[in-house]
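Descriptive analysis of the structure
Next come the chains, spelled out residue by residue.
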Amino acid sequence: MKKRVLLSAIAAASLLAASPFSFAADDTFKIGLILPMTGQQASTGKQIAAAAHLYMAQNGSTVAGKKIELIIKDDAATPDVTKRLAQELIVNDKVNVIGGFGVTPAALAAAPIATQSKTPMVVMAAATSIITQASPYIVRTSFTLPQAAVAMGDWAPKNGIKKVVTLVSDYGPGIDAEKFFKERLIFNGGQVVEALRVPLRSPDFAPFLQKVRDLKPDALFVFVPSGAGAAVMKQFLERGMDKAGIKLIGTGDVTDDDQLNDMGDGALGVVTSHHYSASHNSATNKKFVAAFEAANKGMRPNFMAVGGYDGMRVIYEALKATKGKGTGDDLLAAMKGQIFESPRGPMFIDAQTRDVVQNIYIRKVEKVGGKLYNTEFDTLKDVKDPGKAK
Ligand code: DHB
């Protein structure tokens with residue numbers, strides 16, 4: 001009898017060990033980040049990786065008795081690769097949490113793997129509204145395009161901008177930005193005279209901008225993903241759109257802090273709406289920016305970095321709250337409802353939607369100390385994702 005119990009215990013143990021979704025060895029806690037470290041979205045990967053390393057350097061690599069191991073994998077923003085890497089990280093490396101996800105298609109590709117394996121998935125970059133609904137194991141620390149775009153749809157018509165052409169990257173976040181900006185603009189008495197969509201891969205903005213010039217709107221509203229803003233700005237200025245009296249507005253992705261200072265004085269005065277500016281005026285942010293710049297020479301943290309930094313915080317705090325003993329479900333429960341002061345300002349993870357609730361700021365590009373920054377001049381407080389109400 002005793003022998004049989006022992007045998008079945010051994011059988012159970014070996015089954016557990018063979019189970020594809022068993023977790024890391026007891027004394028380590030593994031975080032697997034899947035990021036675009038190469039390719040068109042590489043700046044997103046570099047920013048998030050730098051921020052994750054900074055968070056660990058500042059907060060230690062032992063939490064609740066566990067040694068934190070950070071594994072970073074490059075998916076080059078290619079969804080098939082993201083999916084394979086998510087599987088490998090969970091099955092082979094036995095990570096406790098997956099995170100990162102530089103673009104929407106990558107996040108959507110990994111979502112079913114998180115659900116199947118009950119692994120918390122922290123989306124630190126991708127920003128289409130629908131993402132959090134793709135798996136109950138997703139928590140988001142970035143933002144949503146509707147959050148940012150609605151704010152601009154309110155600001156623009158109140159500031160003399162009534163007739164607008166929209167220009168967005170033709171995929172999830174661009175379509176969200178176009179839709180929510182347009183709805184709000186029309187609600188406020190404005191109009192979208194043309195809605196242009198450019199391909200995500202290797203876009204050529206020139207023919208689109210020529211069309212915009214001919215249409216002579218009060219403003220061009222732009223969404224392009226992080227890393228593509230400088231090209232838009234360059235061609236906008238080269239075509240003399242600003243001199244033709246067309247203003248450039250958009251969500252803050254287009255005046256991305258990673259590239260902004262190299263865009264030149266032509267960017268001065270561009271107004272955007274977003275959740276993070278490197279010049280956000282708080283003690284917490286000043287500390288964050290100084291530490292990030294000291295650890296990464298020549299780099300300024302952008303909104304991707306802050307998504308990564310806060311994502312690491314959400315994971316660390318969940319590990320602390322579960323005293324290092326939590327299952328995926330326990331960790332997820334401890335991520336929901338977290339509230340804290342981020343370098344971006346106050347934020348919390350809505351327990352119902354698992355999405356981020358945060359301030360959205362209206363900012364204008366200004367020169368501060370000889371450098372270009374998005375200076376925040378208005379704040380919409382505690383904005384929930386407007387996409388969730390639909
Ligand atoms: C997404 C990517 C970005 O680089 C960005 O600035 C916003 C959204 C995305 O793919 O979801």
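Residues numbered from 1 in each chain as written. Predicted model: local features only at pLDDT ≥ 70, side-chain atom pairs only at ≥ 80, totals over all residues. Heavy atoms only, no water.

Description of the packing of aromatic side chains
- Scanning all chains against the criterion turns up eight aromatic pairs.
- Taking the centre distance of 5.2 Å and the plane angle of 80 degrees together, the rings of Y55 and Y309 count as edge-to-face. Placement of Y55 in helix α2 (residues 42-59) and of Y309 in helix α10 (residues 303-321) is noted, with a sequence separation of 254 residues between them. Of the two residues examined, Y55 and Y309, each falls in the buried class. (Phe/Tyr/Trp six-rings, centres within 6.5 Å; stacked < 30°, edge-to-face > 60°. Helix = DSSP H or I, 4+ residues; strand = E, 2+ residues; numbered from the N terminus. Buried < 20%, exposed > 50% of the residue type's maximum accessible area, 1.4 Å probe, protein only.)

A word on the packing of α2 against helix α9 (residues 283-295)
- Interaxial distance between α2 and α9 falls to 10 Å at its minimum, and their mutual angle equals 105 degrees. With respect to each other, α2 and α9 are oriented roughly perpendicular. Contacts between α2 and α9 involve Q47, A50, A51, L54 and Q58 from the former and F288, A291 and F292 from the latter.
- Across the contact of α2 with α9, the residue classes break down as six nonpolar, two polar and no charged. (Axes fitted to C-alpha atoms, helices over the stretch in contact; angles between N-to-C directions. Parallel < 35°, antiparallel > 145°, perpendicular 65-115°, else oblique. Contact = heavy atoms within 4.5 Å. Nonpolar A, V, L, I, M, F, W, Y, C, P; charged D, E, K, R; others polar.)

Some thoughts on helix α8 (residues 229-238)
- Listing the buried residues of α8 in full gives G229, V232, M233, Q235 and F236.
- Residues of α8 that are buried sit in contact with α7 (206-215), β9 (219-223) and β10 (247-251).
- Phi for G240, located one or two positions after α8, is positive at around 65 degrees.

What about the sheet that holds strand β4 (residues 97-100)?
- In spatial order, the strands read β2-β3-β1-β4-β5-β6; together these six strands make up an open sheet with mixed pairing. At either end of the open sheet lies a strand with only one pairing partner, and these are β2 (62-63) and β6 (138-140).
- Bridge analysis of β4 against strand β5 (residues 121-123) gives three bridges, and the strand direction is parallel. Within β5, the position partnered with G99 by the bridge is V122.
- Packed on one face of the sheet, α2 meets β1 (28-35) and β3 (66-74) and runs near 170 degrees to β3.
- Its contacts with the sheet place helix α4 (residues 104-117) against β4, β5 and β6, and it is angled at close to 160 degrees to β5. (Pairing = 2+ DSSP bridges.)

Focus on the site of the ligand
- Near the ligand lie 14 residues; those nearest to it are T104, A127, Y171, S226 and D253.
- Within the backbone of A127, a nitrogen or oxygen atom sits 2.8 Å from an oxygen atom of the ligand.
- Expressed as a share of its isolated accessible area of 290 Å², the protein-covered part of the ligand is 100%. (Near = heavy atom within 4 Å. Polar contact = N/O pair within 3.5 Å; in protein donor to acceptor, adjacent residues only side chain to side chain. Areas by Shrake-Rupley, 256 points an atom, 1.4 Å probe, with all protein chains shown as cover.)

Examining the pairing of β10
- Along β10, four of the five residues are buried, which leaves the element largely enclosed by surrounding structure.
- Judged from the four bridges that link them, β9 and β10 form a sheet pairing that is parallel. Its bridge partner lying in β10, L220 is registered against L248.
- Read from β9 through α8 to β10, the crossover connection turns out right-handed.
- Pairing between β10 and strand β11 (residues 271-274): three bridges, direction parallel. Across the sheet, residue G250 finds its bridge partner in β11, namely T272. (Right-handed = clockwise from strand over helix to strand, strands pointing away.)

Topic: the environment of D170
- With respect to the helices, strands and loops of the structure, D170 is situated in the loop between β7 (163-169) and α6 (172-187).
- For D170, a relative accessible area of 40% corresponds to the partly exposed category.
- Remark: the alpha-carbon pair of D170 and L200, spanning 30 residues in sequence, is separated by 6.0 Å.
- Each residue touching D170, except ones within four places of it in the same chain, is listed here: I175, R197 and V198.

Let's talk about the nonpolar core
- Membership of the largest hydrophobic core comes to 95 residues, with the highest contact counts inside it found for M121, F181 and F288.
- When residues in this core are grouped by element, the largest group, eleven residues, is from α10.
- Here M121 is in contact with I98, F101, A107, A110, A111, A114, Y137, I138 and V139, once residues within four sequence places are set aside.
- Core analysis: the second largest hydrophobic core is formed by 24 residues, V165, V222, V224 and F236 among them. (Core = buried A, V, L, I, M, F, W, Y, C linked by side-chain atoms within 4.5 Å.)

Topic: the packing of α2 against α10
- Where α2 contacts α10, the axes come no closer than 7 Å and their chain directions differ by 40 degrees. By the angle class used here, α2 and α10 are oblique. For the element pair α2 and α10, the recorded crossing hand is right-handed. Contacts between α2 and α10 involve T44, Q47, I48, A51, A52, L54, Y55, M56, Q58 and N59 from the former and M304, A305, G308, Y309, M312, R313 and Y316 from the latter.
- Here the contact of α2 with α10 is built from residues that sort into eleven nonpolar, five polar and one charged. (Left-handed = near helix turned anticlockwise from the far one by under 90°.)

Regarding the confidence of the model for the protein chain
- Of the residues in the protein chain, 93% reach a pLDDT of 70 or more, and the chain-wide mean stands at 94.
- Per-element confidence in the protein chain ranges from a low mean pLDDT of 46 for helix α1 (residues 2-18) to a high of 99 for β5. (pLDDT = per-residue confidence, 0-100.)

Some remarks on the pattern of salt bridges
- What the rule picks out here adds up to 14 salt bridges.
- Residue D257 pairs with R300 through a salt bridge whose shortest N-O separation is 2.8 Å. Of this pair, D257 sits in the loop between β10 and β11 while R300 sits in the loop between α9 and α10; the two residues are 43 residues apart in sequence, bridging distant segments of the chain.
- Two residues, K384 and D350, come together in a salt bridge whose shortest N-O distance is 3.4 Å. (Salt bridge = Lys/Arg side-chain N within 4 Å of Asp/Glu carboxyl O.)

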